[in-house]
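The lines below spell out each chain.
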Amino acid sequence: MEDFSEEHSKLLLSKEWLVKVDAQTSKPYLFKFYSSSVDLTCCFVITDTKKTWAEVLNSNQFARRWRECNERISSPFRMTTRKRHGEHAISRCCPGRIP
């Protein structure tokens, strides 16, 4: 995982703030997102106005994170149990996730 840099920050300046509310706690989060099809990276900043998280992920890391966070959504591309277990074990080691 690449470190979030000033260059990444500049890429996010023109992006609008998006809002997501945690359904369980009703806590609002603001975030900005940028992705590049040239170097296949994604970067985002998330804040609850008290803490801020920033990450830079490659497209595979981002896809893995998305699948983990959305595994309740049925998909025609079901993963095998073994692969899902492996991804879950890896993702538990990922720093910087929203609690």
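One can find the structure itself at the top, above this paragraph.
Residues numbered from 1 in each chain as written. Predicted model: local features only at pLDDT ≥ 70, side-chain atom pairs only at ≥ 80, totals over all residues. Heavy atoms only, no water.

J.: Can you break down the overall build of the protein chain residue by residue, with the values?
T.: When helices and strands are counted, the protein chain shows 3 helices and 4 strands. When the helices and strands of the protein chain are listed from N to C terminus, the series reads α-β-β-β-β-α-α. In the protein chain, of all internal contacts separated by at least 6 residues, the share reaching a separation of at least 24 is 31%. Of the roughly 7,700 Å² of accessible surface on the protein chain, 55% is carried by carbon and sulfur atoms. (Helix = DSSP H or I, 4+ residues; strand = E, 2+ residues; numbered from the N terminus. Contact = heavy atoms within 4.5 Å. Areas by Shrake-Rupley, 256 points an atom, 1.4 Å probe, with all protein chains shown as cover.)

J.: Give me the side chain of E55: which residues, what numbers.
T.: In this structure, E55 sits in strand β4 (residues 52-58). Within the local environment of E55, its side chain forms a polar contact with the side chain of R65, the two groups lying 3.0 Å apart. (Polar contact = N/O pair within 3.5 Å; in protein donor to acceptor, adjacent residues only side chain to side chain.)

J.: How would you summarise the pairing of strand β2 (residues 28-36) if you had to cite specific residues and measurements?
T.: Taken together, the 4 bridges between strand β1 (residues 18-21) and β2 define a ladder with antiparallel strand orientation. Bridged to V19 within β2 is L30. The turn joining β1 and β2, which pair antiparallel and follow one another in sequence, is formed by 6 residues; a positive phi near 60° is taken by S26. Looking at chain direction, β2 and strand β3 (residues 41-47) are connected through 7 bridges and run antiparallel. Bridge pairing links L30 to T47 in β3. (Pairing = 2+ DSSP bridges.)

J.: Explain the pairing of β3 residue by residue, including any values.
T.: The buried count for β3 comes to 7 of 7 residues, which makes it a mostly enclosed element. Here β3 shows a buried face lined by T41, C43, V45 and T47 and a second buried face lined by C42, F44 and I46. The antiparallel pairing of β2 with β3 creates a hairpin that spans 4 residues between the two strands, and L40 there sits at a positive phi of about 55°. What sits between the antiparallel neighbours β3 and β4 is a turn of 4 residues, in which T49 has the positive phi angle 75°. (Buried < 20%, exposed > 50% of the residue type's maximum accessible area, 1.4 Å probe, protein only.)

J.: Which residues make up the environment of T52, and what values go with them?
T.: Along the chain, T52 turns up in strand β4. Overall, the relative accessible area of 58% leaves T52 in the exposed class. For T52 and F31, which are 21 residues apart along the polypeptide, the C-alpha to C-alpha distance reads 9.4 Å.

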